[in-house]
Amino acid sequence: MKVLKKALLLATIGGSLFATAASAEQVNLTWQMWTGSDADTKGWQHLAEMVTAKYPDIKVTLTTTGWVDYWTRLPVLAASGQLADIVSMQSLRMPNFYSLLEPLNDRIAADKFDVGAFTPSIIGGMSVDKQLYGLPYDVGPWVIYYNQDALEAAGVPLPKPGWTLAEFTDAAKKLTKDGKYGFGITPTNYSVLAAAWGDKYVNDAGELDLTNPSAVAAAERVIGFAAKDKVAPLVPSSADAGTVIQGRFYSGNVAMYVDGPWSIIGMKDKVKFKIGSTSLPRGDGELTAVTAGSGFGIAKTSKNKDAAWKAIQVLTSPEALQYLAEQGRALPARAASQSSWYKVAAKDITNGGEAIDYSLAHSVPYVITNNWAAVENLFNQYFPPAFGGSADAKQTMESIQSLAQQ
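Please read all numbers here as calculations on a predicted model, not as lab measurements. (Residues numbered from 1 in each chain as written. Predicted model: local features only at pLDDT ≥ 70, side-chain atom pairs only at ≥ 80, totals over all residues. Heavy atoms only, no water.)

Here we come to the pairing of strand β8 (residues 143-147). The side chains of a regular strand alternate, first on one face of the sheet and then on the other. Counting buried positions along β8 yields five of five residues, so the element is predominantly enclosed. The alternating pattern of β8 places Val143, Tyr145 and Asn147 and Ile144 and Tyr146 on opposite faces, both of which are buried. Bridging between β8 and strand β9 (residues 256-259) involves four bridges; their strand directions are antiparallel. When the sheet's bridge partners are listed, Tyr145 is paired in β9 with Tyr257. Sheet analysis places β8 next to strand β10 (residues 275-279), joined by five bridges and oriented antiparallel. In the strand pairing of β10, Tyr145 is matched with Ser277. (Buried < 20%, exposed > 50% of the residue type's maximum accessible area, 1.4 Å probe, protein only. Helix = DSSP H or I, 4+ residues; strand = E, 2+ residues; numbered from the N terminus. Pairing = 2+ DSSP bridges.)

Here we come to the packing of helix α9 (residues 189-196) against helix α10 (residues 213-227). Interaxial distance between α9 and α10 falls to 10 Å at its minimum, and their mutual angle equals 120 degrees. With respect to their mutual orientation, α9 and α10 come out oblique. Read as a crossing pair, α9 and α10 show a hand that is right-handed. Between α9 and α10, the residues in contact are Tyr190, Leu193 and Ala194 and Ala215, Ala218, Ala219, Val222 and Phe225, respectively. Tallied by class, residues from the contact of α9 with α10 come to eight nonpolar, no polar and no charged. (Axes fitted to C-alpha atoms, helices over the stretch in contact; angles between N-to-C directions. Parallel < 35°, antiparallel > 145°, perpendicular 65-115°, else oblique. Left-handed = near helix turned anticlockwise from the far one by under 90°. Contact = heavy atoms within 4.5 Å. Nonpolar A, V, L, I, M, F, W, Y, C, P; charged D, E, K, R; others polar.)

Taken together, the three strands give an open sheet; going across it, the order is β7-β11-β13, and neighbouring strands pair in mixed fashion. What marks the edges here is a single partner per strand, and that holds for β7 (140-141) and β13 (363-365). The pairing of β7 with strand β11 (residues 289-292) spans two bridges and is antiparallel. The residue of β11 that forms the bridge with Pro141 is Thr291.

If you trace the backbone, Asp199 turns up in the loop between α9 and α10. Polar side-chain contacts of Asp199 include one of 2.7 Å to the side chain of Arg221. Look past the residues within four positions of Asp199 in its chain and what remains in contact with it is Ala194, Ser214, Ala218 and Arg221. (Polar contact = N/O pair within 3.5 Å; in protein donor to acceptor, adjacent residues only side chain to side chain.)

Next up on the list: the sheet that holds strand β2 (residues 58-65). The strand order across the open sheet built from five strands is β2-β1-β3-β12-β6, with neighbouring strands paired in mixed fashion. Of all the strands in the sheet, the pair left with one neighbour each is β2 and β6 (135-136). Strand direction decides the pairing type here: strand β1 (residues 27-34) and β2, joined by eight bridges, are parallel. Opposite Asn28, over in β2, you have Lys59 as the bridge partner.

Here you go:
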């Protein structure tokens, strides 16, 4: 009998040891992310280590590339079966790449994961057909940044969030003098501004509709900043128009331009004037400010989807987003974590927090089509000639609409 008890005890101990060993079996996850600097990469590495701190049996290996290279390489990696387990995804590119990702709705329901803790517009941006494909880490409404020194020198009152298109245009005209411009416009600002004014460029079926009267009227206003009012400089017919205008703002050549909260940290280091911000100008009605953001999804090809699900919950946890906010890296997608970002990133920006708060309170998901990257390329190609006066708004929109449908 004693022998039997001893055998059973040993078996129990052995079974326990085996279970412990099995539970501690290492899972190695890969994660692909874009980065803009060594400090940026260090921040993402810190988040990878946060996963292991919570789940010692999960190790996350981070691979980074620059922003442009990331999107060039993503389809190549997918085609060759080399996607990472965790795929970083921007909301504006979700319609192009969601098919590479694992749908998350069932996992969210099973774990009772609180999606309501995130800003609703970015949950919409990370979803396709009501299916969520990524947990977001940041959200950003487009706003107007302005050169406060230039406005004060021109006697222009500092704009408050909620200002109108008429007030904006008047300010831009007063700021345009001595070879400098009041506003820097880019071709891809079209959809951001059209949405802010309540003009529709996508129909109810989700199809591109640039030739309807509302869309054309918005294009006429955008083109008019350069072609009619002459308050904006011409831009090149290339994909780097945004970089050109941003550089001209930094140098003091344009007094106002459109950008998101993701640019504040770099902006502070590059300008020699006081920066302020406000909401996009609204049309006749309430502002409808589109937002964008990014997050993390699980590759459909991953062999470690359960572990990847645990990992992306850590990467978007309150602790992770608090860390990113304190670094000034991102306006957190979790509403409860956003105050930390204001204290760091927006503290030296006049009306910085107010502009973001107002815009988020009036935010909507960015409505785009599944070929939006191609549409934006056409914006970059066809808006600059119109800015120069060689084509009107109707011709420009008809050309883009026709080519986008081919």
